[in-house]
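# A structural walkthrough
Here is how the chains run, residue by residue.
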Amino acid sequence: MLHKGGLILLAGLLAQSVVADGTTTTSSSAAAASSCNPLESSDCASDKALAGSFTEDFTSESKWFSSMGNPGNITYGSDGVSLTLAKRYDNPALASNFYIMFGKVEVELQAAPGQGVVSSFFLQSDDLDEIDLEWVGSDNTQYQSNFFSKGDTTTYDRGAFHSVDSPVDTFHNYTLD
């Protein structure tokens, strides 16, 4: 369970669409990208949360997502958004401009190919609760899911591998509900 809501993040992939249906009973005007960890401070501002649903096709820059400012290329076109690694250490990424407290998130994506390349779609809260979906570019047969609580990454035994046909060659729909 995401403690204080979670951002939606996309990294190193080609995404055709994202569908989000999130609900909250809290309203706020705070920016979504908070640096305040509620486990360490009781003075954290409320987070702006999605109170409805939307579909984004990424044919152009989105009002729902912003670049995280990392090196790499982010381009938009008829196939959606492309996050391209041009050189080593590039990490182009988009983050949502809102949090979701609970709901359903879908992404239609094609993972990036290449040894050492990891495409990811994940939810992360201010207190570092996290739900990950990751694709290794040299493995065209599966993806990995994992979750962490309160930033504790000392164990990776909560994850699983899931078979999928050619995630590097074709688009697939992945849903967190």
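Reading guide: rules and limits
Residues numbered from 1 in each chain as written. Predicted model: local features only at pLDDT ≥ 70, side-chain atom pairs only at ≥ 80, totals over all residues. Heavy atoms only, no water. Salt bridge = Lys/Arg side-chain N within 4 Å of Asp/Glu carboxyl O. Helix = DSSP H or I, 4+ residues; strand = E, 2+ residues; numbered from the N terminus. Buried < 20%, exposed > 50% of the residue type's maximum accessible area, 1.4 Å probe, protein only. Lys, Arg positive; Asp, Glu negative; His and termini not counted. Polar contact = N/O pair within 3.5 Å; in protein donor to acceptor, adjacent residues only side chain to side chain. Contact = heavy atoms within 4.5 Å. Disulfide = S-S within 2.5 Å. Phe/Tyr/Trp six-rings, centres within 6.5 Å; stacked < 30°, edge-to-face > 60°. Lys NZ or Arg CZ within 6 Å of the ring centre and 35° of its normal.

## Focus on the pattern of salt bridges
Counted according to the given criterion, the structure contains four salt bridges. The residue Lys150 makes a salt bridge to Asp127 at a minimum N-O spacing of 3.6 Å. Highlighted residues: Lys150 in the loop between strand 11 (142-148) and strand 12 (160-163) and Asp127 in the loop between strand 9 (118-124) and strand 10 (130-136), separated in sequence by 23 residues. Lys150 sits in the partly exposed class, given a relative accessible area of 39%. On the basis of relative accessible area, Asp127 is assigned to the buried category, the value being 1%. Between Lys150 and Asp129 there is a salt bridge whose closest N-O contact spans 3.3 Å. Here Lys150 is found in the loop between strand 11 and strand 12, whereas its partner Asp129 is found in the loop between strand 9 and strand 10, with 21 residues between them in sequence. One salt-bridge network, held together by shared partners, links Asp127, Asp129 and Lys150.

## Re the side chain of Asp139
Following the sequence through the fold, Asp139 ends up in the loop between strand 10 and strand 11. Although Asp139 is buried, it makes no salt bridge; Arg158 carries the closest opposite charge, 20 Å away. Of note is the side chain of Asp139, whose polar atom sits 2.8 Å from the side chain of Gln142. In this view, Asp139 contacts Pro167 and Val168; residues no more than four positions away in its chain are not counted.

## Observations concerning the state of the cysteines
A complete count under the given rule lists one disulfide for this structure. Residue Cys36 pairs covalently with Cys44 via a disulfide, S to S 2.0 Å. Taking the sign of the S-S torsion, -75° for the link of Cys36 and Cys44, the bridge is left-handed.

## Some points on the environment of Asn37
Relative to the helices and strands, Asn37 resides in the loop between strand 2 (13-23) and strand 3 (52-56). On the basis of relative accessible area, Asn37 is assigned to the buried category, the value being 15%. Taking C-alpha positions, Asn37 is 5.0 Å from Asp127, a pair spaced 90 residues apart along the chain.

## Section: the packing of aromatic side chains
Summed over all chains, the structure comprises nine aromatic pairs. Ring centres 6.2 Å apart and planes at 70° place the aromatic pair Phe65 and Phe98 in the edge-to-face group. One end of the pair, Phe65, is in strand 4 (residues 65-67); the other, Phe98, is in the loop between strand 7 (93-96) and strand 8 (102-111), and 33 residues separate them in sequence. Owing to a relative accessible area of 3%, Phe98 belongs among the buried residues under this scheme. Members of the aromatic cluster, connected to one another through ring pairs, are Phe54, Phe58, Trp64, Phe65 and Phe98. Positioned above the aromatic ring of Phe147 is the side chain of Arg158, whose terminal nitrogen or guanidinium carbon lies 5.4 Å from the ring centre.

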